[in-house]
Amino acid sequence: MSELAELSELAKRRGFFFASNEAYGGTAGFYTFGPEGAAVKRNLEDAWRDVYVRELGHMELEAPTVMPEAVFEASGHLETFDDMILECAECGATHRADHLVEDAVADVEDAEALEPSRVAELVADHGIDCPSCGAPLAGQPVEEFNLMFGTNIGPGSSSPGYLRPETAQGIFVEFPRLKEYARNQLPFGVAQVGRAYRNEISPRRALVRVREFTQAELEHFVDPEYDDPPIERVEDVELPLYSAEAQQGDGTAETYTVREAVEAGVVESEWVAYYLGESMAFYERIGVDMDRFRYRQHLPGELSHYAADCWDAETELGGNWIEVTGFAYRSDYDLRKHGEYSEEDFTIFRQYDEPKTVERATVDPDMSYLGPTFGDDAGDVVEALESLAARDRSAFDGEAVTVEVDGESYTLPVEKTGFAVEEQTESGEHITPHVVEPSFGVDRLVYSVLAHRYGTDEVDGEERSYLELPPEIAPTAVAVFPLMTKDGLDDRAREVAESLRDAGLEVTYDDTGNIGRRYRRQDEVGTPYCVTVDYDTLEDDTVTVRERDSTDQTRVAVAELPAAIDRLVSGATLSDL
């Protein structure tokens, strides 16, 4: 059985995750996190908040998951948020065309970056058949399919909306208010952890490609001219970088420090390089195997419509590399677009150190002329004149000037425009901030950590499967057992468990089966420490504390147990007690 097959079996049996709605035949692309998985996921999210909200000093919000259509028209998702779909003419099954090509053609690793017509050619050239019925797919059209789930807000269909495909838009649309909370000072960051939805064509590989998932995203708003990242915090952190150049040749991931990557131009954006460096410690902290980890640069054809530069954090699972985080420099695209579509102010006022005297081209049109001449279009003509004066004052050098409104030209005498160049004293200017975005896929990170930390060994002549989860991420910190369920051992064990819960620890109590079997159960779900109440406890009020990975044991006084477990969870070893 493969590593991922074993993990899926464990996940279902022990309550980490399983396919949803199985009583009704299941629903592809939806998974339920069971008691153990929900705890791991919550702990991972808490660790993320600890770094990207508390430690780095950013604020957090929680926005709705349903948003009106206008938001996604402005963001570009209605037009560009597509995957390639191919339908079998024989059985009607639909497939991700790029995935079919990647699975069948050894030298094509990223078919998503190709044009649909090229993907269709590869399907025909390599004789790719339908995975469902085996019929040839050559000649079938490869089309674009928008991944957003549509809905209606309120009764009827007059207010269309969508389930958000990313949490980011919930931050961007609230920028006019968020900047007030930041006292109109850049830089500042806004984080959000929440659900997102994508109507995937062919969900697959368990938690890797699903239709509902959790993102942990940070949108860091910066002044592109004046705000530099604190590179010195991470300049010596080593990064495994798989550059676009290496991907297009025969290269592999190479190690650079953050400083080296910036100076060599391997990572174009200093802000992206900074967050690549900051995130290395986070991945190690939650339990990612750093020998199965890399940063991969997006190829030119892969870049999202908003991204100037983008790197993915990838983990190796079952022989495949999967994206777990995207680090993008989104420039001013999002705020600029929402400003254009909403007519709200998505800028911040940048105060000059000293007032400046500048020349400004202005217009003051003669409305007694424009009104009768252009009628209902007069207001649009005025706006076009103002825009033209700001960007090209030479257009007013002649006797007449022409502007365009919705593709139609309007010509009028310059003397009727009130054009003038004036000196003005300004104390500052309005700028549209740029955005740096680390976007983490929580579900994929949970899956990666479980896969990377799953192992087997032999204990007391028996094979043992276990999850070597960091205590901070493990679903339970400590399990408490009575050696026997008689002579008051079970009552004392329950008292010990309760005292540990009162100390704020996640505790499970188990008195089913022999002690060895109980140890194996806890090892399999990643519980780092087990406490056994035995007959010695009744004599000297001490218990046995067992460590998961080494299976070593020591005795600890019950009165000192909560503090001892807390120290162990924080990094101490049994020998330190």
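As the structure is a prediction and not an experimental result, all values here were calculated from the model.

**Focus: the overall build of the chain**
At step 1: When helices and strands are tallied, the chain shows 19 helices and 28 strands.
At step 2: Reported as C-alpha extents along the three principal axes, the dimensions of the chain are approximately 105 × 65 × 55 Å.
At step 3: In the chain, which comprises 577 residues, the proportion classed as buried is 50%.
At step 4: Within the chain, counting contacts between residues at least 6 apart in sequence, those at least 24 apart form 66% of the total.
At step 5: Element-wise, carbon and sulfur atoms account for 43% of the exposed surface of the chain, whose accessible area totals about 27200 Å².
At step 6: Here the chain holds 49 positive side-chain charges and 121 negative ones, and the gap between their average locations is 8 Å.

**What about the sheet that holds strand β6 (residues 94-96)?**
Within a sheet, adjacent strands bond to each other through the backbone by hydrogen bonds, running parallel or antiparallel.
At step 1: Here we have three strands laid out as an open sheet, ordered β6-β5-β7, and antiparallel in their pairing. Each edge of the open sheet is held by one strand with a lone partner, namely β6 and β7 (142-146). Neighbouring strand axes in the sheet, compared pairwise and without regard to direction, differ in orientation by 45 degrees on average.
At step 2: The strands touched by helix α6 (residues 116-125) are β5 (82-87) and β7; relative to β7, the strand with the most contacts, the crossing angle is about 130 degrees.

**Points about a nonpolar patch on the surface**
At step 1: Where nonpolar side chains cluster on the molecular surface, the patch consists of Met484, Tyr535 and Leu538 and spans about 250 Å² of accessible area.
At step 2: Here Tyr535 lies in helix α18 (residues 535-540).

**Details of helix α11 (residues 270-286)**
At step 1: For α11, spanning 17 residues, the distance from its first C-alpha to its last is 25 Å, which sits close to the expected 24 Å at 1.5 Å a residue.
At step 2: Largest kink in α11: about 25 degrees, centred on Ser279.
At step 3: α11 sits mainly inside the fold: 13 of its 17 residues count as buried.
At step 4: In the segment just after α11, Gly287 is the residue with positive phi, at about 110 degrees.

**Re the sheet that holds strand β16 (residues 320-331)**
At step 1: Across the sheet, which stays open at both edges, the nine strands sit in the order β3-β10-β11-β21-β16-β15-β14-β12-β13 with mixed pairing between neighbours. Strand pairing shows two members of the sheet lacking a second neighbour, β3 (59-60) and β13 (254-257), which therefore form its edges.
At step 2: Relative to strand β14 (residues 293-297), strand β12 (residues 238-242) is paired through two bridges, and the arrangement is parallel. Looking at the pairing, Leu241 lines up with Tyr295 of β14.
At step 3: Sitting on the sheet, helix α2 (residues 35-55) is in contact with β3, β10 (188-197), β11 (212-222) and β21 (434-441), with an inclination near 160 degrees to β10.

**So, the pattern of salt bridges**
At step 1: If you walk through the whole model with that rule in mind, you get 49 salt bridges.
At step 2: Taking the shortest distance from any N to any O, the salt bridge between Arg350 and Asp223 comes out at 2.8 Å. Here the residue Arg350 occupies a position in strand β17 (residues 348-362), and Asp223 occupies one in the loop between β11 and β12, the gap between them amounting to 127 residues.
At step 3: The partner of Arg492 in a salt bridge is Asp541, and the shortest N-O contact between them spans 2.8 Å.

**Considerations on the environment of Asp353**
At step 1: Along the polypeptide, Asp353 turns up in strand β17.
At step 2: Here Asp353 falls in the exposed class, since its relative accessible area comes to 82%.
At step 3: A sequence separation of 75 residues divides Asp353 from Gly428, and the C-alpha atoms of the two residues are 8.4 Å apart.

**Describing the packing of aromatic side chains**
At step 1: Per the counting criterion, the structure on display carries 25 aromatic pairs.
At step 2: Note on Phe396 and Phe419: the rings are 4.4 Å apart at their centroids and 5 degrees apart in plane angle, and the pair reads as stacked. One end of the pair, Phe396, is in the loop between α14 (378-391) and β18 (400-405); the other, Phe419, is in the loop between β19 (408-413) and β20 (420-431), with 23 residues separating them in the sequence.
At step 3: Exposure remark for Phe396: the relative accessible area of 4% places this residue in the buried category.
At step 4: Phe419 sits in the partly exposed class, given a relative accessible area of 23%.
At step 5: Connected via pairs of aromatic rings, a cluster forms that spans Trp48, Tyr52, Phe282, Tyr283, Phe293, Tyr295, Phe327 and Phe440.
At step 6: The ring of Tyr352 is capped by Lys356, whose NZ or CZ atom sits 4.3 Å from the centre of that ring.

**Observations concerning the packing of helix α16 (residues 489-502) against helix α19 (residues 561-569)**
At step 1: One can describe the packing of α16 onto α19 by two numbers: an axis separation of 9 Å at closest approach and a directional angle of 60 degrees. One finds that α16 runs oblique with respect to α19. For the element pair α16 and α19, the recorded crossing hand is right-handed. Residues Val496, Ser499 and Leu500 of α16 pack against Leu561, Pro562 and Ile565 of α19.
At step 2: Partitioned by chemical class, the residues of the contact of α16 with α19 number five nonpolar, one polar and no charged.

**Describing the side chain of Thr542**
At step 1: Within the secondary structure layout, Thr542 lies in strand β27 (residues 542-547).
At step 2: Judged by relative accessible area, Thr542 falls into the buried class, the value being 15%.
At step 3: Polar side-chain contacts of Thr542 include one of 2.7 Å to the side chain of Asp540.
At step 4: With sequence-adjacent residues up to four places away left out, Thr542 is seen in contact with Asp534, Asp536, Thr537, Arg555, Val556, Ala557 and Val558.

**Side note on the environment of Glu69**
At step 1: Examined against the element boundaries, Glu69 turns out to sit in helix α3 (residues 69-75).
At step 2: According to the relative accessible area criterion, Glu69 is partly exposed, its value standing at 29%.
At step 3: Measuring from C-alpha to C-alpha, the distance between Glu69 and Val53 comes to 30 Å, with 16 residues separating the pair along the chain.

**What about the nonpolar core?**
At step 1: Counting 68 residues, the largest nonpolar core has Trp48, Leu241, Phe282, Tyr283 and Tyr295 as its most contacted members.
At step 2: Beyond its immediate stretch of four places on either side in the chain, Trp48 contacts Val53, Ala191, Gln192, Val193, Ala216, Glu217, Leu218, Phe282 and Phe440.

**A look at unusual backbone geometry**
At step 1: Here the bond from Leu186 into Pro187 is cis, since omega is -5 degrees, no more than 30 degrees from zero.
At step 2: In this fold, Pro187 is placed in the loop between α8 (175-181) and β10.
At step 3: Within the chain, Asp460 stands out as a residue other than glycine whose phi angle is a positive 55 degrees.
At step 4: For Asp460, the position within the fold is in the loop between β22 (454-459) and β23 (462-467).

**Quick notes on the pairing of β16**
At step 1: Most of β16 sits out of view: nine of its twelve residues are buried.
At step 2: Two strands pair when backbone bridges link them, and strand β15 (residues 309-317) and β16 are joined in this way by nine bridges, in the antiparallel orientation. Across the sheet, residue Trp311 finds its bridge partner in β16, namely Phe327.
At step 3: Connecting the antiparallel pair β15 and β16 is a turn made up of two residues, with Gly318 showing a positive phi of about 60 degrees.
At step 4: Alignment of β16 against β21, held across six bridges, turns out to be antiparallel.

Conventions adopted
- Residues numbered from 1 in each chain as written.
- Predicted model: local features only at pLDDT ≥ 70, side-chain atom pairs only at ≥ 80, totals over all residues.
- Heavy atoms only, no water.
- Helix = DSSP H or I, 4+ residues; strand = E, 2+ residues; numbered from the N terminus.
- Buried < 20%, exposed > 50% of the residue type's maximum accessible area, 1.4 Å probe, protein only.
- Contact = heavy atoms within 4.5 Å.
- Areas by Shrake-Rupley, 256 points an atom, 1.4 Å probe, with all protein chains shown as cover.
- Lys, Arg positive; Asp, Glu negative; His and termini not counted.
- Charge placed at Lys NZ, Arg CZ, Asp CG, Glu CD.
- Pairing = 2+ DSSP bridges.
- Axes fitted to C-alpha atoms, helices over the stretch in contact; angles between N-to-C directions.
- Patch = residues over 30% accessible without salt bridge, like charges linked within 9 Å, V, L, I, M, F, W, Y side chains within 5 Å.
- Salt bridge = Lys/Arg side-chain N within 4 Å of Asp/Glu carboxyl O.
- Expected span 1.5 Å × (residues − 1).
- Bend = angle between axes of the 7 residues up to and from the residue.
- Phe/Tyr/Trp six-rings, centres within 6.5 Å; stacked < 30°, edge-to-face > 60°.
- Lys NZ or Arg CZ within 6 Å of the ring centre and 35° of its normal.
- Parallel < 35°, antiparallel > 145°, perpendicular 65-115°, else oblique.
- Left-handed = near helix turned anticlockwise from the far one by under 90°.
- Nonpolar A, V, L, I, M, F, W, Y, C, P; charged D, E, K, R; others polar.
- Polar contact = N/O pair within 3.5 Å; in protein donor to acceptor, adjacent residues only side chain to side chain.
- Core = buried A, V, L, I, M, F, W, Y, C linked by side-chain atoms within 4.5 Å.

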